[in-house]
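Structural characterization, general
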Amino acid sequence: MSKRHPTSVGLANWPEIDRRLWSTAITNGEFLEPHGAAAHWSEATKLQVQKGYGKWIFHLVEEGSLSARSDSLPVERIDEDKLRSYLARLEDQGLATQTIASRITDLTEAIRVMHPGADISILKKLASTMQQRAIPSRKKHVRIKPPREIWQACLAFMVKCIRDNPNPNMYQASRYRDAMSLGLLAHRPLRRRNISNLELNAHLIIENGAWHCFIPGDETKDSLPINFILPESEDFCMVFDYYLRTVRQVLLRKSMLASNEVKNLQGALWISMRGGAMSGHAFYYSINRISEELLGAPINPHLLRDCAVSALSSDAPEYILAGSRILGHSSLNTTLSHYEQSSMLAAGFYLASAIENIQERALESSPPQQRDLPFTHFEDFTL
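First things first, this report covers the structure right here in the doc. The structure displayed is predicted, hence computed values, not measured ones.

Within the chain, the secondary structure is distributed over 14 helices and 5 strands. The long-range share in the chain, meaning contacts at least 24 apart out of those at least 6 apart in sequence, stands at 61%. Approximately 22100 Å² of the chain is accessible, and the part contributed by carbon and sulfur atoms is 53%.

Take helix H3 (residues 80-92) next. An α-helical turn contains 3.6 residues, so a residue and the one three or four places further along point in the same direction. Between its terminal C-alpha atoms H3 stretches 18 Å, which fits the 18 Å expected from 13 residues at 1.5 Å a residue. Along H3, the residues that are buried comprise Leu83, Tyr86, Leu87, Arg89 and Leu90. End-on, the buried residues of H3 take up no more than an arc of 160 degrees, which puts them together on one face. Turned more than 90 degrees off the buried face of H3, the exposed positions are Asp81, Arg84, Glu91 and Asp92. Buried residues in H3 make contact with helix H2 (43-63), helix H4 (97-114) and helix H5 (121-133). With a side-chain oxygen positioned 3.1 Å from the backbone nitrogen of Asp81, the residue opening H3 is Asp79. Taken from the residues just after H3, Gly94 is the one with a positive phi, measuring 80 degrees.

On to the nonpolar core, then. By size, the foremost hydrophobic cluster in this structure holds 51 residues, and its most contacted members are Trp151, Met158, Met180, Leu230, Leu244, Leu269 and Trp270. Within the residue set of this core, elements represented by two or more residues are helix H6 (147-164), helix H7 (170-187), strand E3 (210-215), strand E4 (226-229), helix H9 (234-251), helix H10 (280-295) and helix H11 (301-315). Here the element with the most residues in this core is H9; it accounts for 9 residues. If sequence neighbours within four positions are ignored, Leu244 has contacts with Leu200, Trp211, Gln249, Leu257, Val262, Leu265 and Leu269. Among the nonpolar cores identified, the runner-up in size contains 34 residues, and Ala25, Ile120, Leu123 and Ala127 belong to it.

As a further point, take H4. With 18 residues, H4 extends 26 Å between its outermost C-alpha atoms, agreeing within 8% with the 26 Å of an ideal straight helix rising 1.5 Å per residue. Burial in H4 covers these residues: Ile100, Ala101, Arg103, Ile104, Asp106, Leu107, Thr108, Ala110, Ile111, Val113 and Met114. Where H4 is buried, its residues meet helix H1 (16-25), H2, H3 and H5.

Taken as a whole, this structure holds 13 salt bridges when the rule is applied. Taking the shortest distance from any N to any O, the salt bridge between Asp79 and Lys82 comes out at 2.9 Å. Overall, the relative accessible area of 27% leaves Asp79 in the partly exposed class. Classification of Lys82 as partly exposed rests on a relative accessible area of 22%. Among the ionic pairs, Asp164 bridges to Arg163, the shortest N-O distance being 3.4 Å. Here the salt bridges do not stand alone but share partners, grouping Lys160, Arg163 and Asp164 into one network.

This part takes up the packing of H7 against H10. Where H7 contacts H10, the two axes come as close as 9 Å, and the packing angle between them is 90 degrees. Classified by the angle between their axes, H7 and H10 sit roughly perpendicular to one another. Between H7, through Arg175, Asp178, Ala179, Ser181, Leu182 and Leu185, and H10, the contact on the second element is made entirely by Phe283, Ser286, Ile287, Arg289, Ile290, Ser291, Glu293 and Leu294. Taken together, the residues that form the contact of H7 with H10 break down as 7 nonpolar, 3 polar and 4 charged.

All right, on to the packing of H6 against H10 then. The description of two packed helices rests on the angle between their axes and on the distance between the axes. Closest axis-to-axis distance for the H6/H10 pair is 10 Å, and the angle between their directions is 90 degrees. Classified by the angle their axes make, H6 and H10 are roughly perpendicular. Together, Glu149, Ile150, Ala153, Cys154 and Phe157 of H6 and Ile290, Glu293, Leu294 and Leu295 of H10 make up the contact between the two elements.

In this section: the packing of aromatic side chains. As enumerated under the stated definition, the model contains 11 aromatic pairs in all. With a centroid separation of 6.5 Å and 55 degrees between ring planes, the pair formed by Trp22 and Trp41 is classed as tilted. In this pair, Trp22 sits in helix H1 while Trp41 sits in the loop between H1 and H2, placing the two residues 19 residues apart along the sequence. When sorted by exposure, Trp22 lands in the same class as Trp41, which is buried. Taking the centre distance of 5.1 Å and the plane angle of 75 degrees together, the rings of Trp56 and Tyr86 count as edge-to-face. Of this pair, Trp56 sits in helix H2 while Tyr86 is found in helix H3, placing the two residues 30 residues apart along the sequence.

Within the secondary structure layout, Ser196 lies in helix H8 (residues 192-196). Polar contacts involving the side chain of Ser196 include one to the main-chain carbonyl oxygen of Arg192, which spans 2.7 Å. For Ser196, the side chain forms a polar contact with the main-chain oxygen of Arg193, separated by 3.4 Å. Residues contacting Ser196, with those up to four places away along its chain left out, are Trp270, Met278, Gly280 and Phe283.

Once that is clear, we can look at the environment of Gly275. Along the polypeptide, Gly275 turns up in the loop between strand E5 (267-268) and H10. Considered as a pair, Gly275 and Val250 are 25 residues apart in the sequence and their alpha carbons are 8.8 Å apart. Non-local contacts of Gly275, meaning those with residues more than four positions away in its chain, are made with Leu251, Leu252 and Arg253.

Calculation rules
- Residues numbered from 1 in each chain as written.
- Predicted model: local features only at pLDDT ≥ 70, side-chain atom pairs only at ≥ 80, totals over all residues.
- Heavy atoms only, no water.
- Helix = DSSP H or I, 4+ residues; strand = E, 2+ residues; numbered from the N terminus.
- Contact = heavy atoms within 4.5 Å.
- Areas by Shrake-Rupley, 256 points an atom, 1.4 Å probe, with all protein chains shown as cover.
- Expected span 1.5 Å × (residues − 1).
- Buried < 20%, exposed > 50% of the residue type's maximum accessible area, 1.4 Å probe, protein only.
- Arc of directions from axis to C-beta.
- Polar contact = N/O pair within 3.5 Å; in protein donor to acceptor, adjacent residues only side chain to side chain.
- Core = buried A, V, L, I, M, F, W, Y, C linked by side-chain atoms within 4.5 Å.
- Salt bridge = Lys/Arg side-chain N within 4 Å of Asp/Glu carboxyl O.
- Axes fitted to C-alpha atoms, helices over the stretch in contact; angles between N-to-C directions.
- Parallel < 35°, antiparallel > 145°, perpendicular 65-115°, else oblique.
- Nonpolar A, V, L, I, M, F, W, Y, C, P; charged D, E, K, R; others polar.
- Phe/Tyr/Trp six-rings, centres within 6.5 Å; stacked < 30°, edge-to-face > 60°.

Structure (structure tokens):
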């Protein structure tokens, strides 16, 4: 296997001034000192931007415009010529336009938090332009499914499992668990980290027959708490109760529980086939796997959030403000700009309807002997 050529510079090899400014940006201030501009970011976001900025450092070194002992400020290295050559390098690497747009966004965010208040309009403009021109590598809107359709597929699968496998083995229990988690996500589209980490008698507590979920702000991306009740429909309660009393117990290698014992359950909601809490990665792949089996295409946990808001904006636009809190967004703009796919779905529906109408009119106007000939290709008629 050939060795990959590096395209990034690790933090330890950044110029000293860059390391110092970045450290200040991501660190909480001590007593009476302000926090860094990126101190509130999640660790994942910090790491992403750090890696992205490392690619900019790599470019400057390769271009010969930066040395390890450079004392120039990061913001002073930004100019049109360097940005043009950076874009050319990213394109030469064969990166998708969406990935290139992300690299520019990482650079913009790094400079912004390292130099709060500095004029970085050239970077912001470039980042905006690249995002507008980016072509998604995957056609996300094609995979959008109505949450009701997702839930019905999960419900049918689980009911069949209960009927066919009243005493499930480990494999059967794991597939039921996956359908249950996908069905719950269709109702409550939490971020993967939050739903995969749910714990009974911690985040989930049953009161008066209803399951209440509370996730504190220190566990959410936007630091705002999430509070809701699980669906109270008869169907959901039946399959969720079966998961807790039977399926989860099988995965834990324990005996089935009586109904009155459910309220005393503790520990992770989602259990792996090894008997411990599922990891975030395992949860992600289980959702992809079961959704492809039940719906014909993989739908990852993040895409389920798109499904929820698209359905809300299409079926009940008067409640679109609720979409921000469903997804844990502090801004409605984030919800609409990143997740709202209903306009694309509607466009596809109207296009299909228009084609059907054209076909019908063509059949009506054709000679009788030709009316039984079906349209098999788009070339068979003209718009």
